[in-house]
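Examining the three-dimensional arrangement
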Amino acid sequence: MRIFEHIDLLQRNSFHVAQRAARLAEFDKAEELPTLFEQCRPEKWMVLSGGNNILFTQDYDGLLITPCGTDIEIVAENEREVEVEAEAGLEWDDLVQWCVERNLWGIENLSLIPGKVGAAPVQNIGAYGVEAKDAIRSVTMFVPESGNFLTLAAEHCAFGYRESVFKQNLRGKVIITSVRFRFSKEPNPILGYGDVIREVEARGGATLKNIREAICDIRRAKLPDTAVLGNAGSFFKNPVVDIEVAERLRSEYPEMPLYPVAGEGKVKLASGWLIDKSGLKGYREGSVGVHERQALVLVNYGGATGGEVIAFARMVQQRVKERFGIEIDTEVNIL
Ligand code: EPU
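Scoring rules and cut-offs
Residues numbered from 1 in each chain as written. Predicted model: local features only at pLDDT ≥ 70, side-chain atom pairs only at ≥ 80, totals over all residues. Heavy atoms only, no water. Phe/Tyr/Trp six-rings, centres within 6.5 Å; stacked < 30°, edge-to-face > 60°. Buried < 20%, exposed > 50% of the residue type's maximum accessible area, 1.4 Å probe, protein only. Helix = DSSP H or I, 4+ residues; strand = E, 2+ residues; numbered from the N terminus. Lys NZ or Arg CZ within 6 Å of the ring centre and 35° of its normal. Polar contact = N/O pair within 3.5 Å; in protein donor to acceptor, adjacent residues only side chain to side chain. Contact = heavy atoms within 4.5 Å. Axes fitted to C-alpha atoms, helices over the stretch in contact; angles between N-to-C directions. Parallel < 35°, antiparallel > 145°, perpendicular 65-115°, else oblique. Left-handed = near helix turned anticlockwise from the far one by under 90°. Nonpolar A, V, L, I, M, F, W, Y, C, P; charged D, E, K, R; others polar.

**Here's the deal with the packing of aromatic side chains**
- Inspection of the entire model under this criterion finds 13 aromatic pairs.
- On the numbers, 5.5 Å between centres and 90 degrees between planes, the contact of F37 with W45 is edge-to-face. A single burial state applies to F37 and to W45, both of which are buried.
- Pairing W273 with F324 gives two aromatic rings, centres 5.8 Å apart and planes at 45 degrees, and the pair type is tilted. One end of the pair, W273, is in helix α6 (residues 271-277); the other, F324, is in helix α7 (residues 306-324), and 51 residues separate them in sequence.
- Counting every residue linked through ring pairs, the aromatic cluster contains F37, W45, F142 and F149.
- Above the plane of the ring of F4 lies R12, whose end atom (NZ or CZ) is 5.4 Å from the centre.
- Lying over the aromatic face of Y161, K268 brings its terminal NZ or CZ to 3.6 Å of the ring centre.

**What about the side chain of N109?**
- The topology assignment puts N109 in the loop between α2 (92-101) and β8 (126-127).
- From its side chain, N109 meets the backbone oxygen of I190 in a polar contact 2.8 Å long.
- Once residues within four sequence positions are removed from consideration, N109 is found in contact with A127, Y128, V130, I190, I211 and I215.

**So, the packing of α2 against helix α4 (residues 208-222)**
- Contact geometry for α2 and α4: axes closest at 9 Å, N-to-C directions at 155 degrees. Judged by the inter-axis angle, α2 sits roughly antiparallel to α4. The chirality of how α2 crosses α4 is left-handed. Together, D93, V96, Q97, C99 and V100 of α2 and L208, K209 and R212 of α4 make up the contact between the two elements.
- For the contact of α2 with α4, the class distribution of residues is 4 nonpolar, 1 polar and 3 charged.

In structure tokens, the structure reads:
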């Protein structure tokens, strides 16, 4: 366990915003957490994982807690499936790579998503027709208020599109220490989204390696590398609207992309398309802009403050509202 005081967060958030925290503790093993809380007795704390989905608009005057354990363990196995427990501090993409090397199916479409394993269930990361919830069996966490560890089965995690109990009732109350996944030994390629099938076939067919490579190349072509350009992936969520609203827009814009949502007569629209069609793709004000290849992503060209990014985001929301009558919510956590 390592504790830092008055720490600079610039290298700890992918937006590269220069804010500071009063204290930050890194832990390797879950068992260190009770001692950490006894020692630090924080009045205010929160988890800062990879910092890939957060925008700091001010300094943080409490204790930030960063999981650093990276172990992966096979905990059960039969001829068809494997159950794996991964520690929260493991880079998500290292887990994907680990699976692909062992011929385990389930999260290959989630290749190259920035962030750590412990953050994956929080917003139920998803891409190219797959969500983390499809592979998650359970999530283990420390609950500082009671001093206990708790393991929650996936059925009780209230997973939805970029949603979970960790963003709702358990927000700010638990520290995820590990996640258990179930992966398949049998091939189960999911190639229905966008360009995936074409890119996979161009590589010679649906092997795990080809799918991973195809997804990595599609992402690299569209999404900015956080090491080069500060960003937090999709800044906005895709809005889920009533079918009537979608049909009204579709009659006016027949080329508008729509995605079905299971049950309840709802449809998901593409915020990237709405922002793009509002004329904002590549638009820049000072150090903040809409990414030129994917309008869902806001970027920090260098030196932007959190406040500047928020002001810019509000302008984008306003423009989409004026043009299409649709409200788009932020996906990134704003602090
Ligand atoms: N589009 C445009 N212009 C743009 C961006 C998108 O016209 O500037 C259109 C695309 O042509 C496509 C549709 O909008 O028809 C959807 O675009 P895309 O396939 O790129 O996906 P997305 O809906 O914009 C979501 C996720 C991404 C994920 C991709 C692929 C959310 C908030 N974002 O983006 O996740 O990689 O699907 O599955 O759901 C993230 O969460 O950080 C993230 C990058």
